[in-house]
Amino acid sequence: MTVIVTRAGFLTSVQDLGRTGFREFGVSLSGAVDSFGLRVANLLVGKDEDTAGVEITFGGVQLQFQDERFVAWCGGEFDVHVGSIAFPAGHTCFVTAGEEVKFGRPKVGCRCWLAISGGIDVDPVLGSRSTDLRAGFGGLEGRTLRDGDVVRLAKWRGTSAFDKATADKQTAVRGISSWTAPHDWVSPARHDPILRFVRGADWGRFDASTLERLTSETFTVSPDSDRMGVRFESSESKRMDTSDLISEAVAPGTIQVPPSGKPILLLGDCQTIGGYPRIAHVITVDFGIAAQLRAVDHVRFSEVSLTDAHRLLLERERQLELFRVGLSLHTT
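Note that this is a predicted model, so its numbers are computed, not measured.

Description of empty space enclosed by the protein
In step 1: One pass over the full model with this rule turns up 2 cavities of 30 Å³ or more.
In step 2: Each pocket or cavity is described by its volume, and for the largest cavity that value is around 80 Å³.
In step 3: Lining the largest cavity, in full, are Thr210, Arg213, Leu214, Glu217, Phe219, Ser234, Ser235, Ser237, Ile255, Val257, Pro263 and Ile279.
In step 4: By residue number, the principal contributor to the lining of the largest cavity is helix H4 (residues 208-216), which donates 3 residues.
In step 5: The residue makeup of the lining of the largest cavity, split by class, is 6 nonpolar, 4 polar and 2 charged.
In step 6: Its boundaries defined by the atoms lining it, the second largest cavity holds a volume of some 30 Å³.
In step 7: Lining the second largest cavity are Val3, Val5, Val54, Leu63, Ile120, Leu145 and Val151.

In structure tokens:
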């Protein structure tokens, strides 16, 4: 019960929803940069939302399955095929033994997440199977996947209610489901992304022109970006208060402004504390858009209230619960 990595691509790793409960010890969250995308993909294959899957960056990946599995993926605009058949985002596909799932280069965005029935069966570290690439633990030997790797999959009971009912109802082209998840969930990449934010703890430390530019200026993503954070090229952001700050907690979504004046949007592998002022925080429902940013993308920011940020998150969770109910109609 394995999958063979025939082509590993640029940056491919095992990720789940992250390593929670250890930030006080300096351990980063890690996990899928877009945790919601992985949650949806896992639901599509009948697994718990925190099951470990594969995070793929910039495509060029080929995975050969050694037994029958259901698979689903969410993320950027990738060309994905099972054999010669196109496999769109947000659908469930039945893969037979010996078949390959192939990910081409993305047209828009840069990352996607593949969920597999049974899930990836690497040993958990501190309660998570996520790969912490900076610390070098978790996932498969704490590293990215390489050509020729053999990744162990958890046992898949093909006779379970979900699996049997889903297999019986695969009526579209070659075992690809006709039903899917909402487009904004499975394909969050945007040509002209807008990230909504709430004011950060250090908002008042910046001058009026800097605060005005945050919502009026277009920011360009720097090539010097990774899973730790997205760096932006922009006009210099100036502080009114230039005194040194005590390092305080930061989290994915925090926008810091270092001495260069060019903002950094923190992602899943970010540090747990930081001494740069926190001008803003991208709201949770827009993390999927942020996860797709790549070099030279142009981004705008829009302020919302904390009340609206909470409302949008609660609405999405309610919609996700309805989606779970809808999935059950296909499997009963």
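Here the narrative resumes.
Details of the sheet that holds strand S4 (residues 61-65)
In step 1: Pairing is antiparallel in the open sheet, where 6 strands are placed in the order S7-S6-S9-S4-S1-S11. At either end of the open sheet lies a strand with only one pairing partner, and these are strand S7 (85-86) and strand S11 (150-152).
In step 2: Note that strand S6 (residues 80-82) and strand S9 (residues 100-103) share 3 bridges and pair antiparallel. In the sheet register, Val82 faces S9, and the bridge partner there is Val101.

Brief notes about the pattern of salt bridges
Proximity of charged atoms lets side chains of opposite charge pair with each other.
In step 1: Under the criterion given, the structure shown has 25 salt bridges.
In step 2: Salt-bridge contacts for Asp67 lead to Arg69; the nearest nitrogen and oxygen are separated by 3.0 Å. When sorted by exposure, Asp67 lands in the same class as Arg69, which is buried.
In step 3: Between Glu233 and Lys262 there is a salt bridge whose closest N-O contact spans 3.0 Å. Residue Glu233 is found in strand S14 (residues 229-233), and its partner Lys262 is found in the loop between strand S16 (254-256) and strand S17 (264-266); the two are separated by 29 residues along the sequence.
In step 4: With relative accessibility at 35%, the residue Glu233 sits in the partly exposed group.
In step 5: Judged by relative accessible area, Lys262 falls into the partly exposed class, the value being 33%.

Regarding the sheet that holds strand S10 (residues 108-116)
In step 1: Read across the open sheet, the 5 strands follow the order S2-S3-S10-S5-S8; overall the sheet is antiparallel. Lying at the two open borders of the sheet, with one neighbouring strand each, are strand S2 (11-15) and strand S8 (93-95). Mean inter-strand twist for the sheet, computed between neighbouring axes without regard to direction, equals 25°.
In step 2: Relative to S8, strand S5 (residues 69-77) runs antiparallel, the two being bridged by 3 bridges. Looking at the pairing, Arg69 lines up with Val95 of S8.

Comments concerning helix H1 (residues 35-44)
Three or four residues apart is the spacing at which side chains of an α-helix point the same way, because the helix has 3.6 residues per turn.
In step 1: For H1, the buried fraction is high: 9 of the 10 residues fall into the buried class.
In step 2: Immediately beyond the C-terminal end of H1, within one or two residues, lies Gly46, with a positive phi of roughly 80°.

Section: the packing of aromatic side chains
In step 1: Evaluated as defined, the whole model comprises 11 aromatic pairs.
In step 2: Where Trp73 meets Phe103, the ring centres are 6.1 Å apart and the plane angle is 80°; that geometry is what we call edge-to-face. Pair noted here: Trp73 is in strand S5 and Phe103 is in strand S9, with a separation of 30 residues, a long-range link. Phe103 carries the same exposure label as Trp73, and that label is buried.
In step 3: Three or more aromatic residues joined by ring pairs form one cluster here, namely Phe197, Trp203, Phe219, Phe232 and Phe301.
In step 4: The ring of Phe36 is capped by Arg316, whose NZ or CZ atom sits 3.8 Å from the centre of that ring.

The rules behind each value
- Residues numbered from 1 in each chain as written.
- Predicted model: local features only at pLDDT ≥ 70, side-chain atom pairs only at ≥ 80, totals over all residues.
- Heavy atoms only, no water.
- 1 Å grid on protein atoms, 1.4 Å probe; cavity = no way out; pocket = protein on both sides within 12 Å on 5 of 7 lines; lining within 4 Å.
- Points joined across faces, edges and corners; volume = space filled by probe spheres on them.
- Helix = DSSP H or I, 4+ residues; strand = E, 2+ residues; numbered from the N terminus.
- Nonpolar A, V, L, I, M, F, W, Y, C, P; charged D, E, K, R; others polar.
- Pairing = 2+ DSSP bridges.
- Salt bridge = Lys/Arg side-chain N within 4 Å of Asp/Glu carboxyl O.
- Buried < 20%, exposed > 50% of the residue type's maximum accessible area, 1.4 Å probe, protein only.
- Axes fitted to C-alpha atoms, helices over the stretch in contact; angles between N-to-C directions.
- Phe/Tyr/Trp six-rings, centres within 6.5 Å; stacked < 30°, edge-to-face > 60°.
- Lys NZ or Arg CZ within 6 Å of the ring centre and 35° of its normal.

Structural measurements only, silent on function.
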